[in-house]
Every structure is written in C-alpha cells, then in structure tokens.
Amino acid sequence: GAGVSQSPSNKVTEKGKDVELRCDPISGHTALYWYRQSLGQGLEFLIYFQGNSAPDKSGLPSDRFSAERTGGSVSTLTIQRTQQEDSAVYLCASSRTRGTEAFFGQGTRLTVV
Amino acid sequence: QQQVKQSPQSLIVQKGGISIINCAYENTAFDYFPWYQQFPGKGPALLIAIRPDVSEKKEGRFTISFNNSAKQFSLHIMDSQPGDSATYFCAASRETSGSRLAFGEGTQLTVNP
C-alpha cells in the first residue's frame, strides 16, 4: 500500500477484555515500531522489530502487552485484560532499514471503559 | 531513560515570528537526527532531518541547526504561520550501525494569528 495502515481506527472495549491491534507496514520495510501516545503526551516506545532479529521489547509496560510480526510484514499488538490506563492512541511506524526515516500510520484510538 | 531531551514542552508564537525548539542527546553514536510534525488526529510525519556532517540544513521556512560538540540540535521555524500549529518531535538514531529511533518528549506549538 501507499502508507502504513492500522486497524481498527477506533476501538472501545470493556475493562478486562483482550484487544488486538493490527499494523500493515509499507511493503519492503524491514523495521517496524509500536508506540503509545496518551492524550497530549509524547511517544512512548513499546516494541521494535527489525528483520529477523529478536524484537526489542524493552518498552512494553507489562506482561499484558505482547506483539508479533508474521512473515516480516503484518504486526499485531495484543493487550490482555485491558485496564483503563491502557486507553491511548497506539501508533505503528515502519522504515526501510533500521534507524532511518519512520513512516507512521494514523493510529488506533483505544478506549477502555 | 530518556535518550533525547526536548524543550520547551509548549510554545506560543505570534504569526510571523520565529519558533525555536531545542533538543539534547547523550549518545555520541547517534548519527541521524530527524524532526517530526504531528497534527491532531494524525500520525507524526517527517519534517526535516540532518546528519552530523553538516551544521545546518534549511528547507523552506524550516531550519535545523546542529552542534555536535554540545550534543544539541534545534528546529527553527521562520515566519511562523497558524498552519504550523502542531506538535513537534525531535528524534535520534544510529543510522549507520542500526538502532531504533529515540524520540524527544514533544513540543506543542501554537501560532496565534
């Protein structure tokens, strides 16, 4: 596709439910990032995939958060047993190689009620 | 640990004025310094980037000044316009050896008409 695609664009879920957020990176991009952005706040790094290397999971806030990237392309961020503090916009970005220009998707706005 | 520190957190400028946002970093291995612009409801988009082989880069009204010895870089927006009102993020990475982008905390710029 022309850009990074994220789905859904909005998600409202009940506290305690699991959610899956999807990211389709730009074709051919080997690096993929997940960030979280709370209202009016900065970008909180969550996880980074680079090619076939082990992902950098150092930003995941708890073991309720996990992510995978299948076939070096699509990525899914899973949040188990959601809490109200998980409410935020989840942004995905991809880049051609590591450390270069990152292209962001529009984000998924998650609201936990 | 915040690898890139950004200031100010918010900035209000009159139309036609100069907006200046500053960033500082610690890791001397960083060799790629981009700035991202984010409008409400959108993902961040690359605005301008610089590498350490130059001390300044200008694109239209936007200029990055880079001081390698002081480990600082800044964004100057000349003749600021209301349409420039957005959140700006600086970032850094080790492009040549590979690393994920480290983002600053963001600056919310408001340009008054």
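Residues numbered from 1 in each chain as written. Chains lettered and ligands numbered in written order. Predicted model: local features only at pLDDT ≥ 70, side-chain atom pairs only at ≥ 80, totals over all residues. Heavy atoms only, no water.

Colleague: Outline the pairing of strand β6 (residues 56-59) of chain B, listing residues and values.
Modeller: Pairing geometry for β6(B) and strand β7 (residues 62-67) of chain B, over four bridges, is antiparallel. Bridged to B:E56 within β7(B) is B:S65. (Pairing = 2+ DSSP bridges. Helix = DSSP H or I, 4+ residues; strand = E, 2+ residues; numbered from the N terminus.)

Colleague: Tell me what's going on with the environment of B:V4, and back it up with residues and numbers.
Modeller: Residue and element names in this part refer to chain B. Note on placement: V4 falls in strand β1 (residues 4-7). Overall, V4 belongs to the buried group, its relative accessible area being 0%. Note: C-alpha distance between V4 and A24 (20 residues apart in sequence) is 5.7 Å. Not counting chain neighbours up to four residues away, the residues in contact with V4 comprise C23, A24, F30, C90, A92, A102, F103, G104 and E105. (Buried < 20%, exposed > 50% of the residue type's maximum accessible area, 1.4 Å probe, protein only. Contact = heavy atoms within 4.5 Å.)

Colleague: Run through the interface of chain A and chain B, naming residues and quoting values.
Modeller: Many descriptions give the size of an interface as the accessible area lost when the pieces come together. The interface is formed by 19 residues belonging to chain A together with 18 residues belonging to chain B. Both sides of the chain A and chain B interface together cover about 1,500 Å² of buried area, and 55% of this is carbon and sulfur. At the boundary of chain A and chain B, one finds zero salt bridges. Here chain A and chain B share five residue pairs in polar contact (both at pLDDT 80 or more) between them. Counting only elements with at least two residues in the side of chain A that touches chain B, the list comes to β4 (31-37) and β5 (44-50) of chain A. Top element by residues in the side of chain A that touches chain B is β4(A). It accounts for three residues. Grouping the constituent residues of the side of chain A that touches chain B by class yields eight nonpolar, eight polar and three charged. (Buried area = accessible area lost by both parts, 1.4 Å probe. Salt bridge = Lys/Arg side-chain N within 4 Å of Asp/Glu carboxyl O. Polar contact = N/O pair within 3.5 Å; in protein donor to acceptor, adjacent residues only side chain to side chain. Nonpolar A, V, L, I, M, F, W, Y, C, P; charged D, E, K, R; others polar.)

Colleague: So what's going on with unusual backbone geometry? Which residues, and what values?
Modeller: With omega at -10°, the peptide bond leading from A:S7 into A:P8 counts as cis. Look at the link from B:S7 to B:P8: it is a cis peptide, with omega at -5°. In this fold, B:P8 is placed in the loop between β1 and β2 (10-14). For A:R81, which is not glycine, the phi dihedral falls at a positive 45°. Positionally, A:R81 belongs in the loop between β7 (75-79) and β8 (88-95). For A:R81, a relative accessible area of 43% translates into the label partly exposed. Phi is positive for B:K71, close to 55°, though the residue is something other than glycine. Structurally, the position occupied by B:K71 is in the loop between β7 and β8 (72-77).

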